[in-house]
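Chain by chain, the residues run as shown.
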Amino acid sequence: MAVDIFLSRRNPELTLRQKFWQLNWGMVLLLCVIAGVGFAMLYSAANGAMSPWASRQMIRFGLGLVLMFTVALIDIRFWFRYAYLIYFGAFALLVGVEVMGTIGMGAQRWIDLGFIRLQPSEMMKVALVLALARYFHGVSSEDIGRPLYLILPIMLAVAPAGLVLKQPDLGTAGMLLLAAGAVFFAAGVRWWKFALVIVAGLAAVPIGWQFLHDYQKARVMTFLNPENDPLGAGYHSLQAMIAFGSGALTGKGYMQGTQSHLNFLPEKQTDFIFTMLAEEFGLVGSLGLLGLYFLLLAYGFAISLRARNQFARLLALGLTTNLFLYVFINMAMVMGVFPVVGVPLPLVSYGGTVLLTVMIAMGLVMSCYIHRDIRISRRGTAEV
Amino acid sequence: MLQKNEDNERQRAFSRRGLLLGGAQALLLTGLAGRMYYLQVIEADRYKTLAEDNRINLRLLPPPRGRILDRFGLPLASNRQNFRVVLVREHAGDVEKVLMALSQLIELDEHDTKRVLREVSRKRSFVPVTVRENLTWDEVSRVEVNGPELPGVTIEMGQIRDYPFADSMAHVLGYVAAVAERDLTGDPLLELPGFRIGKNGIEQKYDLALRGTAGTSQIEVNAYGRVIRELNREEGKPGDELVLTIDGGLQTYAHQRLQGEKSASAVVMDIENGDVLALASVPSYDPNLFNIGLTIKQWNDLINDPLHPLTNKAIAGMYAPGSTFKMMVALAALKAGIRPDYKVFCPGHMTLGRSRFHCWKRHGHGWVDMHEAIQHSCDVYFYDVSRKVGIDNIAAMSNQFGLGERVGIDLNGERGGVIPTRDWKLANIGEAWQGGETLVASIGQGFVLATPLQLATMVARIASGKQVTPRLTRGVRADAAELEEGVAPPAPEFLPLDVSPAHLDLMREAMDAVSNHPRGTAYRARIEEEGMELAGKTGTSQVRRITMAERAAGVTKNEQLPWRRRDHALFVAFAPVHKPRYCCSVVVEHGGGGSAVAAPIARDILLETQQRDPAGRRSLPIIAGTQIVERG
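Residues numbered from 1 in each chain as written. Chains lettered and ligands numbered in written order. Predicted model: local features only at pLDDT ≥ 70, side-chain atom pairs only at ≥ 80, totals over all residues.

1. Focus on the sheet that holds strand S8 (residues 215-221) of chain B
Residues and elements named next belong to chain B. Pairing is antiparallel in the open sheet, where three strands are placed in the order S1-S8-S9. In the strand order of this sheet, the two ends are held by strand S1 (56-61) and strand S9 (227-234), each with one partner. Pairs of neighbouring strands in the sheet enclose a mean axial angle of 30 degrees, with direction left out of account. The sheet contact formed by S8 and S9 spans six bridges and is antiparallel. Note that in S9 the partner of Gln218 across the bridge is Asn232. (Pairing = 2+ DSSP bridges. Helix = DSSP H or I, 4+ residues; strand = E, 2+ residues; numbered from the N terminus. Axes fitted to C-alpha atoms, helices over the stretch in contact; angles between N-to-C directions.)

2. Description of helix H14 (residues 273-306) of chain A
Three or four residues apart is the spacing at which side chains of an α-helix point the same way, because the helix has 3.6 residues per turn. End to end, H14(A) covers just 34 Å across 34 residues, shorter than the expected 50 Å (1.5 Å per residue, more than 12% under). Along its length, H14(A) reaches its greatest deviation from straightness, about 130 degrees, at Gly282(A). (Expected span 1.5 Å × (residues − 1). Bend = angle between axes of the 7 residues up to and from the residue.)

3. Some remarks on the environment of Thr451(B)
Residue and element names in this part refer to chain B. With respect to the helices and strands, Thr451 occurs in the loop between helix H19 (435-442) and helix H20 (452-464). Look at Thr451 and you get buried, because 30 C-beta atoms sit within 10 Å. C-alpha of Thr451 to C-alpha of Ser585: the two residues are 134 residues apart in sequence and 9.5 Å apart in space. When sequence neighbours within four positions are dropped, the list of residues in contact with Thr451 reads Ile315, Ala316, Gly317, Met318, Arg415 and Gly417. (Buried ≥ 20, exposed ≤ 12 C-beta atoms within 10 Å, placed from the backbone. Contact = placed C-beta atoms within 7 Å.)

4. A look at the interface of chain B and chain A
Listed as interface residues are 35 residues of chain B and, on the opposing side, 41 residues of chain A. Those elements giving two or more residues to the side of chain B that touches chain A turn out to be helix H1 (2-42) and helix H2 (44-55) of chain B. Sort the elements by how many residues they give to the side of chain B that touches chain A and H1(B) lands first, with 21 residues. Here the side of chain B that touches chain A is composed, by residue class, of 18 nonpolar, seven polar and 10 charged. (Nonpolar A, V, L, I, M, F, W, Y, C, P; charged D, E, K, R; others polar.)

5. Concerning the packing of helix H16 (residues 379-389) of chain B against H19(B)
All names here are of chain B. Running from N to C, H16 and H19 cross one another at 130 degrees; their axes reach a closest spacing of 8 Å. Here H16 is positioned oblique relative to H19, judged by the angle of their axes. The element H16 and its partner H19 pack so that their crossing is right-handed. In contact with Phe382, Tyr383, Ser386 and Arg387 of H16, H19 contributes Thr438, Leu439 and Ser442. (Parallel < 35°, antiparallel > 145°, perpendicular 65-115°, else oblique. Left-handed = near helix turned anticlockwise from the far one by under 90°.)

What follows is the structure in structure tokens.
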């Protein structure tokens, strides 16, 4: 046995069967538990019925698992090789909805494939991290210090973020930029450059404010002062906080949440599902789910630290950060410490694209784990 | 090898920054946990309250209004089912179409339709809107049968006050009507739509007791106000069932008997306990109309009617008592020491100073003593003794018999009449008393005014010698459980009057003679039935002044005068004559002569009373010592 392990370290090329056993089963279990919590909450949201949400979410999760395993088992070098292609594919789709959205009515954020409504902006969250990881993999430590080398990755990040912002989807655009920022940071971009960007960003806030839609402005204002207008724009925020707080220590009991079941709570099956959980299971439930996410994120970070090639490191870290952003923004939003920006709780909120995106992302993280010992040259050739 | 070294360096750099990022994220997640603790532990109570406020609405359940029963338990005011059609928009779909279909089945006017359309568009789609109230059984069944073609239409039941006796009991009971702004006291019941309160009569006087207390229903509502379920229900306390002293049958009879007159009233009392057995006033009105809502025309007709149908004349009509007042003068005279056999010569008139005061009998009665003076109702006799006694003594005696101030029956609107004294005239008119005014007052004219209720009380006191006080309410009906321990409240004990029983005997004998002596003024209106004979006194009071010229030419007969200028006809009586139990007063406005018009009515009523004998029959048990909360 000891020899086997020694050999596998020496020779990272694995058979498919070996890879399968190398899958990070603890992480799979975590994902299933979190998704299970989601099913339970969706069942409750429908007043104790599988339809319309829980059953469909289960089917999608099943699909997502298959997709995740497939992605995880595919060689990391495949993802390395096609990283830019995937990015440009996602970018093309993003442009596609933008064009269709202009032709059609109002803000359309998805492409209807019949069985699923594909949101290119969600796919872009994965694709951007892939592309950036590939780019920084090929840049040496010295070159990273040179501003010239940052122009391309900045463009890679800003272009899709700009398109998404135009949709308009403030939450997703912010998430794209923040996840990209994390990759930049982990890749070794100098501290002062971040400081510069932050200062520039803060300076741009008043200018950016002009470009916001009225409802977006209202949301931000409401966030800053939710009790100002309890029946208007502040209504959702306030009702969510009432639901959250009234859950107290142990909650009102499964399917007993008054705020959620009497419809005081908005969007209880999607963005505000965490509030419903908090109302029905109290602090015990909300801390419990937070703990599950914490473990999942810890896995992600451990994988990124363990990987022996820069691409896998950056990819795992970028995708994990992405997951963190989902969780943090959503929870902060429903607890009234962040404006309502429309970010769902991954694996729990009802919705196909986000679920699939997160599963694909987790599949890539697992691929990073399975292929942790594979070395990739800067130009992309594998080294043993 | 070079690249490997470089990669090691990159890994070290990555590890540093990765841990930094991870640490930052862990810190932020800890911040979230802190926020959770703040919301769900520190602020939990506040949010719990807010959540409960959100979901729970308190609804008031109006209690059924207490019934009003007569002394034997006959319902005089009760509640009947009120069927109303309501419409729920979300089930109806096309409201106008449904209303059209509905108007084929029940009577709906333009006004109703417009109101419904307006309300429907203003209210939430699941809130029922009342289309029409007070449906008949026929209409209810037509709507029910056609249910399938009337989506969203349902029949709801409510309660509405019902007065089965309609106009014959209206003045006693009063009526209920919608709550006006000034009736609001803070009782949330009063703010319920459709709630009705007592506006007159017993309904008003005992409104609080009849009203009961509201129940509450805690209902859970969702964010749109739709009722999800009832969480808790506390039944209210129905209003008390009030038992009156009235005998429903007798009241109906009295009311019927008065119907022949334009405007009249009658009171029947039990002499022993003051129970008012009948209290009738015509013309009357139908109190049921007030529930349903009067039209403006109906209301105007009622308040502009010259015969004042809304006024209870038995307690609020003030009339010169005429000769019915003579017993008071006689008693005052006896008390002042004038002997019953003191005689006065009546030539048909009496002169005082430059004025001449006439007896009703033009050529006079000749020599009359007190007994004869009452029997023949000789005016001159009373002119004479009143001068000797003085107005203040007459007034003092009258006051003992309930005249001159309210007797205090439990109805609003009772008036006190007038018994003049020297001081009274100075205070109210500002002039000194004239000697001639004593003469006018001695025959119950001039300033003297009394209500029919006061006259009945006066007779009750003459017949019993006690300070009988009328009452209209016996108490609250006892239910079976309370009867076990409860005893009926003792009959009221009245104190004796400060009048010599012998003097009262003289009055009773004289009144006996009025009715039962062939030469008495009311002999034609006597009761012939053995043991039921009545003793009475007639009264005819002028409402105009008879001029010297007219007297010379012969006084115009009442029948030839316009109605408004005819005399009031009065009669007071008690029966049976030797064992008095019931008394009665009758006033017929502008009826003409007391003996011809009022006495036969009183005779019929007293005969009916004795035949029914309400005092001899077992009445409904009531709770001992019940305090009835009055609303002024």
